Amino acid sequence: MSVSFTTTQQTDLAFQRCLNPACATTLAVDQVAFACPVCGDLIDIVYDWDRLPVPRRLSDFEARWADRLNPLNFSGVWRFRDLLPFSPTDQIVTIGEGQTLLQVADKVGQYIGMNPGRLRLQYEGMNPSGSFKDNGMAAAFTHARMVGARRVACASTGNTSAALAVYCSATTYGFKAIIFIGSGKIAYGKLAQALDHGALTIQIVGDFDDAMHRVRQVADRLGIYLMNSVNPFRLEGQKTIMYRVLEQLGWEPPDWIVVPGGNLGNSSAFGKAFIELKHLGLINRVPRLAVINASGAQTLDQLVGNHGLTWLDGLPDMALAHSYYEKMDADGAKASTIASAIEINRPVNLKKCLRALDFCDGVVRQVSDQEIMDAKARVGAGGLGCEPASAASVAGAKKLREEGVIAPSESVVCILTGHQLKDPTATVAYHGTDQDNFEKVLGSRGVRRAGFANRPVIVPNDLDDIIRSIALYSEPSD
Ligand SMILES: *Cc1c(COP(=O)(O)O)cnc(C)c1O
Ligand SMILES: [Zn+2]
């Protein structure tokens, strides 16, 4: 891929545009740029909606389900293709992503203090690679196919690389996966996927932020297609998570969407989805957005909550962020949380997330590893398992409930971003009886024993002992 840029034609229905309104450089949709070639800012995908055929009602999308033998209508991403119309339909990549579930979760709702029927969990762990990342990959691989890319790369805390590996292995367009991971920073479930699906896996000494820095250099140097969430096409795919939430609510927006914040791709995509739906007159009420950091990676919460960073019509005071990063570097601060998928101190989509927070009257909070692990155990006990990062959404909703920001009667959707089996180490350490393992995985992070642990009962291999234990421990609960 060459790096010479042509600007768009007036006739383009979809194009790429620099997020900085003072620059607003535009690029044709089939260009490959993961930063503005003029000012280096993020790139946004923009549509000329007035000239595009968009369904008059959201319920028109539902009708496509009746035609689900067509893979484009089966896909939970591409069923909504008119709302991300950047590619010809014959270039679309799909592996059947987005068959997800929005489930009323009253046991979890009770834990966080909601009235019955008001808390729902959007379970993105049902995607082919077990996390919401597949929504974005379907769109980014479509763009990669449009531009004829073959080698595709990402830096990852695990799920992006798992999704990348799955899309390369499940398709026949000649894609080769190259993934960069930091040493010791990837949950086993995710590493297992990268290896099993045949990705070239480059493990560097450093953390996610280091791996991210390197993959950008390598992508530049070797002309490899970058699949991190600086890739604006990924966010186009992730918009559809919100479309499916609305679809499952009969197109009635909830009061709140609560989502964990790492690189802030999801929160950014959700905001863009609502901006566009409102612009198109397809919704008239916009949910509020809550983005939840882990306390060990709380850049967004610090910048928004303590430093007053806001969108300011596209011209946020990024000097606030830069001095925050400088201080972080001077202190040698590294992100550290059991929620490895959000263990990120320099969120690449920060600016786009500010736009989402602005449009959706958003709030940001941080939750401790203890709160995350306790919430994760309650989610598991409520029927849908998730990985630690996902439980940050539930822990954050609990915090906002306690603060009175969320009322018990409001309708709340927490996004469960990734599957329970992604990170068995954290789960087994939390529930298990091995004290050394607990200390190593969780105690060292300030998580206390107790919480909601469901301990295995260790019994001698003796029938009477086993029967006594069952009598002792199997009191039916309510
Ligand atoms: C990637 C990921 C996140 C963070 O999402 P961002 O879009 O980077 O903010 C949260 N949870 C899980 C399970 C993830 O894989
Ligand atoms: Zn620019």
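Provided above is the structure to which this section pertains.
Just so you know, these numbers come straight off a predicted model, no measurement behind them.

Thresholds, definitions, all that
All residue numbers refer to position in the chain's written sequence, counted from 1. Chains carry letters from A onward and ligands carry numbers from 1 onward, assigned in written order. It should be noted that, the model being predicted, local features are given only for residues of pLDDT at least 70 and side-chain atom pairs only at 80 or more, the latter also being counted only at that level, while totals for whole chains, interfaces and linings use all residues. Hydrogens and waters are ignored; side-chain quantities use all the structure's heavy atoms. To obtain each axis, a line is fitted to C-alpha atoms, and for helices this fit is confined to the stretch in contact; angles are then taken between N-to-C directions over 0 to 180 degrees. Elements are defined by DSSP. Helices are runs of H or I of four residues or more, strands are runs of E of two residues or more, and each kind is numbered from the N terminus. Any angle that is under 35 degrees is reported as roughly parallel, and any over 145 degrees as roughly antiparallel; angles of 65 to 115 degrees are reported as roughly perpendicular and all others as oblique. We call a crossing left-handed when the near helix sits turned anticlockwise from the far one by less than a right angle, and right-handed when that turn is clockwise. Here, two residues are considered to be in contact whenever any of their heavy atoms come within 4.5 Å of each other. For this scheme, ten residues count as nonpolar: Ala, Val, Leu, Ile, Met, Phe, Trp, Tyr, Cys and Pro. Four count as charged, namely Asp, Glu, Lys and Arg, and the remainder, Gly too, count as polar. Here, expected helix span is obtained from the residue count minus one, scaled by 1.5 Å. Throughout this document, a residue counts as near a molecule or strand when at least one of its heavy atoms sits within 4 Å of that molecule or strand. Definition of a polar contact: a pair of N or O atoms within 3.5 Å, with one able to donate and the other able to accept a hydrogen when the atoms are protein atoms, and with sequence-neighbouring residues admitted only if both atoms are side-chain atoms. Working definition of accessibility: Shrake-Rupley area with a 1.4 Å probe, residue cover restricted to the visible protein chains. Any residue with an atom within 4 Å of a point lines the site, the site being either a cavity, points on a 1 Å grid over the protein atoms alone where a 1.4 Å probe fits but cannot get out, or a pocket, an open set with protein on both sides within 12 Å along at least 5 of 7 lines. Grid points are joined across faces, edges and corners, and a volume is the space filled by probe spheres set on the points. A donor here means an N, O or S atom no more than 2.8 Å from the metal, or no more than 3.2 Å when the metal is Na, K or Ca. Since water is not included, a site may seem to lack partners. Every angle between 85 and 135 degrees makes a four-donor site tetrahedral, while opposite donors more than 155 degrees apart, with all other angles between 65 and 115, make a four-donor site square planar and a six-donor site octahedral; other sites are irregular. Centres within 6.5 Å are what make two rings of Phe, Tyr or Trp a pair, Trp counting through its six-membered ring; a difference in plane orientation under 30 degrees is then read as stacked, over 60 as edge-to-face, and the rest as tilted. Relative accessible area decides the class of each residue, using a 1.4 Å probe on protein chains only: under 20% of the type maximum gives buried, over 50% gives exposed, and in between gives partly exposed. Only Lys NZ and Arg CZ are tested; either one counts as a charge over a ring when it is within 6 Å of the ring centre and within 35 degrees of the ring normal. Strand pairing requires that DSSP identify at least two bridges connecting the strands. As used here, the term nonpolar core means buried Ala, Val, Leu, Ile, Met, Phe, Trp, Tyr and Cys residues forming a set that is joined through side-chain atoms within 4.5 Å.

Caption draft 1: Molecular detail of the packing of helix α5 (residues 159-170) against helix α6 (residues 188-196). Axis separation between α5 and α6 bottoms out at 8 Å; the angle between their running directions is 25 degrees. What the angle tells us is that α5 and α6 run roughly parallel. Helix-helix and strand crossings are classified by hand; for α5 and α6 the assignment is left-handed. On α6, the residues touching Asn159, Ala162 and Ala165 of α5 are Lys190, Gln193 and Ala194. For the contact of α5 with α6, the residue count by class is 3 nonpolar, 2 polar and 1 charged.

Caption draft 2: A look at helix α7 (residues 208-222). For α7, built from 15 residues, the straight-helix expectation of 21 Å at 1.5 Å per residue is met to within 8% by its first-to-last C-alpha distance of 21 Å. Where the residues of α7 are buried, they touch β6 (151-156), β7 (176-182), β8 (200-204) and β9 (225-226). Two residues or fewer after α7 comes Gly223, characterised by a positive phi angle close to 65 degrees.

Caption draft 3: The site of ligand 1, seen in detail. Near ligand 1 you find 17 residues, and of these Lys133, Asn159, Gly262, Asn263 and Thr417 are the closest. Here an oxygen atom of ligand 1 and a backbone polar atom of Asn266 are 2.8 Å apart. Between ligand 1 and Thr417 there is a distance of 2.7 Å, counted from a nitrogen atom to a side-chain nitrogen or oxygen. In isolation ligand 1 has 380 Å² of accessible area, and contact with the protein removes 96% of it. The set of elements that each furnish at least two residues to the shell around ligand 1 consists of α9 (265-279) and α14 (388-402).

Caption draft 4: Region of the structure containing the layout of surface pockets. Of the pockets and cavities examined, the largest pocket occupies roughly 670 Å³. The wall of the largest pocket is formed by 28 residues, among which Arg216, Tyr325, Arg346, Pro347 and Val348 lie closest to the centre. Among the elements of the structure, α7, α11 (318-330) and α12 (350-359) are those that each provide at least two residues to the lining of the largest pocket. A total of 6 residues in the lining of the largest pocket trace back to one element, the largest contributor, which is α11. Classifying every residue of the lining of the largest pocket gives 14 nonpolar, 5 polar and 9 charged.

Caption draft 5: Geometry of the coordination of the zinc ion (ligand 2). Within the first shell, the zinc ion (ligand 2) binds the protein through Cys18 (SG), Cys23 (SG), Cys36 (SG) and Cys39 (SG), at distances of 2.3 Å. Geometry at the zinc ion (ligand 2) is tetrahedral, judged from its 4 donor atoms and the angles of 95 to 116 degrees they form at the metal. We note that the donor set of the zinc ion (ligand 2) lies within a single chain, spaced as C-x4-C-x12-C-x2-C. Here Cys39 lies in the loop between β2 (26-28) and β3 (43-47) and Cys18 lies in strand β1 (residues 14-18), a separation of 21 residues in the sequence.

Caption draft 6: Spatial organisation of the packing of aromatic side chains. As enumerated under the stated definition, the model contains 12 aromatic pairs in all. With centroids separated by 4.9 Å and ring planes inclined at 50 degrees, the aromatic side chains of Tyr47 and Trp49 adopt a geometry described as tilted. Look at Tyr47 and you get buried, because its relative accessible area is 6%. Judged by its relative accessible area of 10%, Trp49 is buried. Pairwise contacts between aromatic rings join Phe141, Tyr167, Tyr173 and Phe175 into one cluster. For Arg145, the ring lying beneath its charged end belongs to Tyr173, and the centroid distance is 3.9 Å.

Caption draft 7: Structural detail: the sheet that holds β2. Taking strand neighbours across the sheet as the criterion, the 3 strands line up as β2-β1-β3 in an open arrangement whose pairing is antiparallel. Each end of this open sheet is capped by a strand with a single partner; those strands are β2 and β3. Neighbouring strand axes in the sheet, compared pairwise and without regard to direction, differ in orientation by 35 degrees on average. For β1 and β2, the ladder comprises 3 bridges, and the chain directions are antiparallel. Note on β2: the bridge partner recorded for Arg17 is Thr26.

Caption draft 8: Main features of the nonpolar core. Ranked by internal contacts, the top residues of the largest apolar core, which has 98 residues, are Phe141, Tyr225 and Met227. No other element matches the 7 residues that helix α8 (residues 232-248) contributes to this core.

Caption draft 9: Examining the side chain of Lys272 more closely. For Lys272, the location among the structural elements is in helix α9. At a separation of 2.6 Å, a polar atom in the side chain of Lys272 contacts the side chain of Glu276. Once residues lying within four places of it in the same chain are set aside, the contact partners of Lys272 are Asp44, Ile45, Tyr47, Glu236, Lys239 and Arg355.

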